[in-house]
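Residue strings, one per chain:
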Amino acid sequence: QVQLVESGGGLVQAGGSLRLSCAASGGTFSSYHMGWFRQAPGKEREFVAAISWSGGTRYYADSVKGRFTASRDNAKNTVYLQMNSLKPEDTAGYYCAADLDSGPLRHRIDEYDYWGQGTQVTVSS
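All values derive from a computational prediction rather than experimental measurement. (Residues numbered from 1 in each chain as written. Predicted model: local features only at pLDDT ≥ 70, side-chain atom pairs only at ≥ 80, totals over all residues. Heavy atoms only, no water.)

The sheet built from four strands is open, its strands ordered β1-β3-β8-β7 with antiparallel pairing. Bordering the open sheet on either side are β1 (3–7) and β7 (68–73), each of which pairs with just one other strand. Here the strands of the sheet are splayed against their neighbours by 15° on average, with no regard to which way each runs. The sheet contact formed by β7 and strand β8 (residues 78–83) spans six bridges and is antiparallel. Its bridge partner being in β8, phenylalanine 68 is matched across the sheet by methionine 83. (Pairing = 2+ DSSP bridges. Helix = DSSP H or I, 4+ residues; strand = E, 2+ residues; numbered from the N terminus. Axes fitted to C-alpha atoms, helices over the stretch in contact; angles between N-to-C directions.)

Right under this line is the structure:
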C-alpha cells in the first residue's frame with residue numbers, strides 16, 4: 001500500500017511560480033514511476049507530467065511543456081513539480097499518482113495505482 005500526500009499549493013499571480021511536493025510512504029518509492037495530474041472545476045482530470053523511477057525520463061503535457069518541471073528525490077521519497085510562468089488556466093487541484101508498472105511512462109488516469117488527496121493551485125490574473 002502506497003500513501004501519497006501533496007503540499008505546496010496556494011494562490012499566486014499570473015507569471016509567478018510554485019513548487020508542489022508529493023511525499024510517499026509504503027512500497028519502494030525508487031522502483032515506481034510518478035505522475036502529476038490536475039483537475040479544474042467542471043472539467044475532467046488531465047495528465048500534467050510523469051517522471052520515471054530513476055528521474056532520468058520525463059514526459060509533459062503540451063500545455064505545460066517548457067514551464068513545468070518534474071523532479072524527484074528518492075532518498076526523501078518525494079516527487080516535485082516546479083511550476084513557472086503560471087497562467088490563470090493552470091488553476092486546478094493538483095494530484096500526484098504512483099504507477100507501479102516500471103515500463104514506459106504513461107499518461108492515462110486508469111494506469112496509475114495510487115493517488116494523493118490533491119493540493120489546490122489558484123492563479124489570479
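Applying the stated criterion to the full structure yields six aromatic pairs. Centre to centre, the rings of phenylalanine 47 and tyrosine 59 are 5.1 Å apart; their planes meet at 35°, and the pair counts as tilted. With phenylalanine 47 in strand β5 (residues 46–51) and tyrosine 59 in strand β6 (residues 58–60), the pair connects residues that are twelve residues apart, well separated along the chain. In this structure phenylalanine 47 comes out as buried when scored by relative accessible area, which is 13%. Residue classification places tyrosine 59 among the partly exposed residues on the basis of a relative accessible area of 33%. Three or more aromatic residues link up through ring pairs in this structure, and these residues are Phe37, Phe47, Tyr59, Tyr112 and Trp115. One Lys or Arg, arginine 45, reaches over the ring of tyrosine 95 and ends 3.7 Å from the middle of that ring. Directly above the aromatic system of tryptophan 115 lies the positively charged group of arginine 45, at a separation of 5.1 Å from the ring centroid. (Phe/Tyr/Trp six-rings, centres within 6.5 Å; stacked < 30°, edge-to-face > 60°. Buried < 20%, exposed > 50% of the residue type's maximum accessible area, 1.4 Å probe, protein only. Lys NZ or Arg CZ within 6 Å of the ring centre and 35° of its normal.)

What follows covers the nonpolar core. Counting 36 residues, the largest nonpolar core has Met34, Leu81, Met83 and Tyr94 as the members making the most contacts within it. Those elements that place two or more of their residues in this core are β3 (18–25), β4 (33–39), β5, β7, β8, β9 (92–99) and β11 (119–124). Those residues in contact with methionine 83 that sit more than four places away from it in its chain are Gly16, Ser17, Leu18, Leu20, Arg67, Phe68, Tyr94 and Val121. (Core = buried A, V, L, I, M, F, W, Y, C linked by side-chain atoms within 4.5 Å. Contact = heavy atoms within 4.5 Å.)

The subject of this paragraph is the environment of leucine 20. Mapped onto the elements, leucine 20 comes out in strand β3. Of the residues examined, leucine 20 reaches a relative accessible area of 0% and is grouped as buried. Linking leucine 20 and lysine 65, residues 45 residues apart in sequence, is a C-alpha distance of 16 Å. Every residue in contact with leucine 20, bar those within four places of it in the chain, is listed here: Ser7, Gly8, Gly9, Trp36, Val79, Tyr80, Leu81, Met83, Tyr94, Thr119 and Val121.

Keep in mind these values describe shape, not function.
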